[in-house]
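Chain by chain, the residues run as shown.
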Amino acid sequence: MSELIVEIQNLRKTFGALVAIDDLTFSVARGEIVGLLGANGAGKTTALSILLGLVTPSAGSVRVFGQDLERHRVAVLRRMNFSSAYTALPSNLRVEENLLVFARLYSVQKPRRKIDELLELLEIAHLKKRVVGRLSSGESARVSLCKSLLNDPELLLLDEPTASLDPDIADKVRKWLRQVQRERGIGMIYTSHNMRDVEEVCDRVLFMRRGKIFAEGTPRSIVEKFQEQSLESLFIKVARGGDIEDL
Amino acid sequence: MNGSVILGLVLRYTYIIRRSVPRIIEMLFWPMLDLLVWAFLTLYLKSISDGPPSAVTFLLGAMIFWDVLFRSQQGMTVSFLEDVWARNIINVFVAPVRVREFLAATALVGLLKVLIIIVVLTVSARLLCDFDFLALGWALGPLFVNLIIMGWGIGLVTTALIMRFGQAVEMLAWAIPFLFQPLSAVFYPVSVLPAWAQPLALALPSTQVFEGMRSVLAGGPFPTAHLLWALTLNALWLAVECVFFAWMYQSTREKGYLAKLGTQ
């Protein structure tokens, strides 16, 4: 088995009386793409936030690259990165300026060369001098991905990276993600409400409900296990309160 | 502390200012407006009374000193708010940035803004009001430093409150410094305050600075006692403010508010 880069054990997070994460245990191997699925409120964003060090767990352990996240937050964050449809890069800065700032935050060596290389990879070299606020959502998403690859991360956390993208760009983004995963062996945790994304990109899926994992496996094996037509129909059934024992 | 990280953040905040004409105007507009209002007021007061000739010096000096404190605090809090407004704050907090590096960078931006404003106000006061601030001597330097430190301390508190309670309380960034103004005895000596308020006033580093400033502007000796008090009080307050910030930061992470900052 490949080396585990994420090991989450009995994780629990409560906000007052609300149990957002309930005894969550899972791991991610180097080079593996794991999809975190679930309806709104299932706990996937909280799990992602804990992995990013933004939220402290109430109980359980989170180890990334073999290190305790809470104790070695900066060392761990240096080796991972993040991209989300719900964050943005400062809109009044040029693409190059934004990337230079983040290159410094991640202590990237030879930042200008790295930026040029990534802009070429994501086919946005022509946007280098453009102001981020004037880019289309597809172009912004690619710049955000570019930022997330600056430090050659070993683990990439992606929060709905294709949200608001047209099908053509979304398809390209999926292919780039697969390409960088193949070429660089990056492990990824991927949340999405787009089941096509998940089926196409993820090696393994963790289906969450009420803070717990209720199904785990390849997208195909989950669909077969619950005798559904697709991940999407299973998602809808769960989101509408279908009892998983009955599925 | 990682110098590359601090430089990266300073670079980011200076890019914002450089690339935004409204921000450059805003940075200079209010201090210039203050300068003109206080200059005209002091000229008027001089013309209608036989008051001391140092009245202009006191009021304009106080106005410039107050701006040092205010801009130092603003540089810190508004830098943080810029990232919240840009929905970029999460990107910064999930980067390998230590909280102390983030705070050091915003404090440096505050310092940079203060230096720019001091230069602009000093030149403007000389040209428009025939008021030579530099002629007052270098004794004012250490007093400035104390105001900058106090501004950072207030910046820590306002940043912590915005982090904890969200953008709904962002007006605190502008309001909180003014809570200290009446007790800081900016435009009048501390002796005019009611007896009960004087001990409170003297517990603020800013009051010691403004008392010291008046002593220097009146041609008195270097205000060593005021300076030492200001330094001691600043050290104590800064320690309390750092503990407050750390507590708020931890509470924000526990309650999950940090993950929501600037994303809603």
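Computed from a prediction, not measured in an experiment: that's the story for all the values here.

Trainee: Now, about the overall build of chain A: what can you tell me, with residues and values included?
Mentor: Within chain A, the regular secondary structure consists of 9 helices and 10 strands. Compactness check: chain A gives a C-alpha radius of gyration of 18 Å against a globular reference of 18 Å for 247 residues, within 12% of the reference. Across its three principal directions, the C-alpha atoms of chain A cover 55 × 40 × 40 Å. When each of the 247 residues of chain A is scored for burial, the buried share is 48%. Counting contacts in chain A only where the partners sit at least 6 residues apart, residues at least 24 apart contribute 66% of the total.

Trainee: Before we move on, could you go through helix α3 (residues 95–105) of chain A and cite the residues and values that matter?
Mentor: Burial analysis of α3 of chain A places 10 of its 11 residues in the buried class, the great majority of the element. Of all the residues in α3 of chain A, the buried ones are V95, E97, N98, L99, L100, V101, F102, A103, R104 and L105 of chain A. In this structure, the buried residues of α3 of chain A make contact with α4 (111–121) and α5 (137–149) of chain A together with α1 (3–18) of chain B. Count one or two residues on from α3 of chain A and you reach S107 of chain A, which has phi positive near 50°.

Trainee: Mind laying out the sheet that holds strand β2 (residues 18–29) of chain A, listing which residues take part and the relevant values?
Mentor: All names here are of chain A. Ordered in space as β2-β1-β4-β5, the 4 strands form an open sheet in which the pairing is antiparallel. Here the strands that pair on one side only, and so sit at the sheet edges, are β2 and β5 (67–68). The pairing of strand β4 (residues 59–64) with β5 spans 2 bridges and is classified as antiparallel. Bridging from a neighbouring strand, R63 pairs with D68 of β5. Strand contacts of helix α1 (residues 44–51): β1 (4–15), β2 and β4, with the helix running at about 60° to β2, the strand carrying the most contacts.

Trainee: Can you lay out the environment of E160 of chain A for me, pointing to particular residues and giving the numbers?
Mentor: Residues and elements named next belong to chain A. In this structure, E160 sits in the loop between β7 (155–159) and α6 (167–184). The exposure class of E160 is partly exposed, given the 18 C-beta atoms found within 10 Å. Put simply, E160 and A85 are 75 residues apart on the chain and 5.8 Å apart in space, counted from C-alpha to C-alpha. Other than its neighbours up to four places away in sequence, E160 contacts S84, A85, T191, S192 and H193.

Trainee: Now, about the pairing of strand β10 (residues 212–217) of chain A: what can you tell me, with residues and values included?
Mentor: Residue and element names in this part refer to chain A. Looking at chain direction, strand β9 (residues 204–209) and β10 are connected through 5 bridges and run antiparallel. Bridge assignment links R209 to a residue of β10, and that residue is K212. Turn length for the β9-β10 hairpin, with the two strands adjacent in sequence and antiparallel, is 2 residues, and the turn residue R210 shows positive phi of about 50°.

Trainee: I'd like to hear about unusual backbone geometry, residue by residue, with values.
Mentor: At R210 of chain A, a position not held by glycine, the phi torsion is positive, near 50°. By secondary structure assignment, the location of R210 of chain A is in the loop between β9 and β10. We classify R210 of chain A as partly exposed; it has 14 C-beta atoms within 10 Å. Residue R87 of chain B is not a glycine yet carries a positive backbone phi of 60°. Looking at where R87 of chain B falls in the secondary structure, it is placed in the loop between α3 (55–85) and α4 (89–93). A residue is classified by how many C-beta atoms lie within 10 Å of it, and R87 of chain B, with 19 of them, is partly exposed.

Trainee: Kindly report on the interface of chain A and chain B, identifying the contributing residues and their values.
Mentor: With 27 residues of chain A in contact, the opposing surface of chain B contributes 29 residues. Contributions of two or more residues to the side of chain A that touches chain B are made by α1, α2 (73–77) and α3 of chain A. In terms of residue count, α3 of chain A provides more of the side of chain A that touches chain B than any other element does, 5 residues in total. Class assignment of the residues belonging to the side of chain A that touches chain B gives a composition of 16 nonpolar, 8 polar and 3 charged.

Trainee: Could you give me a rundown of the environment of T191 of chain A, with the residues and numbers involved?
Mentor: Along the chain, T191 of chain A turns up in strand β8 (residues 187–191). The contact partners of T191 of chain A, leaving out residues within four places of it in the chain, are L36, K44, L48, D159 and E160 of chain A.

Trainee: Talk me through the domain arrangement of chain A; I want residue IDs and the actual numbers.
Mentor: All names here are of chain A. Annotation of chain A at the domain level lists domain 1 (1–79 + 154–165 + 185–247) and domain 2 (86–152). Taken over C-alpha atoms, the centre of domain 1 sits 27 Å from the centre of domain 2. Domain 1 puts 6 residues into the contact, and the matching count from domain 2 is 8 residues. Here the residues of the side of domain 1 that touches domain 2 sort into 3 nonpolar, 1 polar and 2 charged.

Trainee: So what's going on with α4 of chain A? Residues and values would help.
Mentor: Residue and element names in this part refer to chain A. Along α4, the residues classified as buried are P111, I115, L118 and L119. With its buried residues spanning 100° around the axis, α4 presents them on a single face. Turned more than 90 degrees from where α4 packs its buried face, R113 and E120 sit exposed. The inward-facing, buried residues of α4 contact α3 and α5. Downstream of α4 by a residue or two, E123 has a phi angle that is positive, lying close to 60°.

Trainee: Before we move on, could you go through the packing of α3 of chain A against α5 of chain A and cite the residues and values that matter?
Mentor: Residue and element names in this part refer to chain A. For the pair α3 and α5, interaxial distance at closest approach is 9 Å and the crossing angle is 25°. When the axes of α3 and α5 are compared, the pair comes out roughly parallel. Between α3 and α5 lies a crossing whose hand is right-handed. Between α3 and α5, the contacting residues are V95, N98, L99 and F102 on the first element and V143, C146 and K147 on the second. Classifying every residue of the contact of α3 with α5 by side-chain character gives 5 nonpolar, 1 polar and 1 charged.

Trainee: Any chance you could break down the sheet that holds strand β6 (residues 80–84) of chain A for me, citing the residues and the numbers?
Mentor: All names here are of chain A. One open sheet accounts for 6 strands, arranged β6-β7-β8-β3-β9-β10; its pairing is mixed. The open sheet has two edge strands, β6 and β10, and neither has a second partner. For this sheet, the mean inter-axis angle between neighbouring strands, taken without regard to orientation, is 15°. Relative to β8, strand β3 (residues 33–37) runs parallel, the two sharing 4 bridges. Bridging across to β8, L36 finds its partner in T191.

Trainee: Please give an account of the pairing of β9 of chain A that cites residues and values.
Mentor: Direction of pairing for β3 of chain A relative to β9 of chain A: parallel, over a ladder of 4 bridges. Opposite G35 of chain A, over in β9 of chain A, you have V205 of chain A as the bridge partner.

Each value, and the rule that gives it
- Numbers given for residues are sequential positions, taken from 1 along each chain in its written order.
- Think of it this way: whatever chain is written first is A, whatever ligand is written first is 1, and the rest follow in order.
- Per-residue local features are limited, in this predicted model, to residues with pLDDT of at least 70; the limit for side-chain atom pairs, both in listing and counting, is 80 or more; totals at the level of whole chains, interfaces and linings are taken over all residues.
- In this text, helices come from DSSP runs of H or I with a minimum length of four residues, and strands from runs of E with a minimum of two, each type numbered from the N-terminal end.
- The globule rule used for comparison is 2.2 Å times the number of residues to the exponent 0.38, while the radius of gyration itself is calculated over C-alpha atoms.
- Any residue whose C-beta has 12 or fewer other C-beta atoms within 10 Å is treated as exposed, any with 20 or more as buried, and any in between as partly exposed, C-beta atoms being built from the backbone.
- We call two residues in contact if the C-beta atoms placed from their backbones are at most 7 Å apart.
- For two strands to pair, DSSP has to find at least two bridges joining them.
- For helices, the axis comes from a line fit to the C-alpha atoms of the stretch in contact; other axes are also lines fit to C-alpha atoms, and the angle between any two N-to-C directions lies between 0 and 180 degrees.
- Think of it as three bins: nonpolar holds Ala, Val, Leu, Ile, Met, Phe, Trp, Tyr, Cys and Pro, charged holds Asp, Glu, Lys and Arg, and polar takes everything else, Gly as well.
- Note: domain ranges come from an automatic or database domain assignment.
- What the arc measures is the spread of directions leading from the helix axis to the C-beta atoms.
- Note on angle classes: values under 35 degrees are labelled roughly parallel, values over 145 roughly antiparallel, values of 65 to 115 roughly perpendicular, and the remainder oblique.
- If you view the pair so one helix is near and one far, a crossing is left-handed when the near helix is turned anticlockwise from the far one by less than a right angle, and right-handed when it is turned clockwise.

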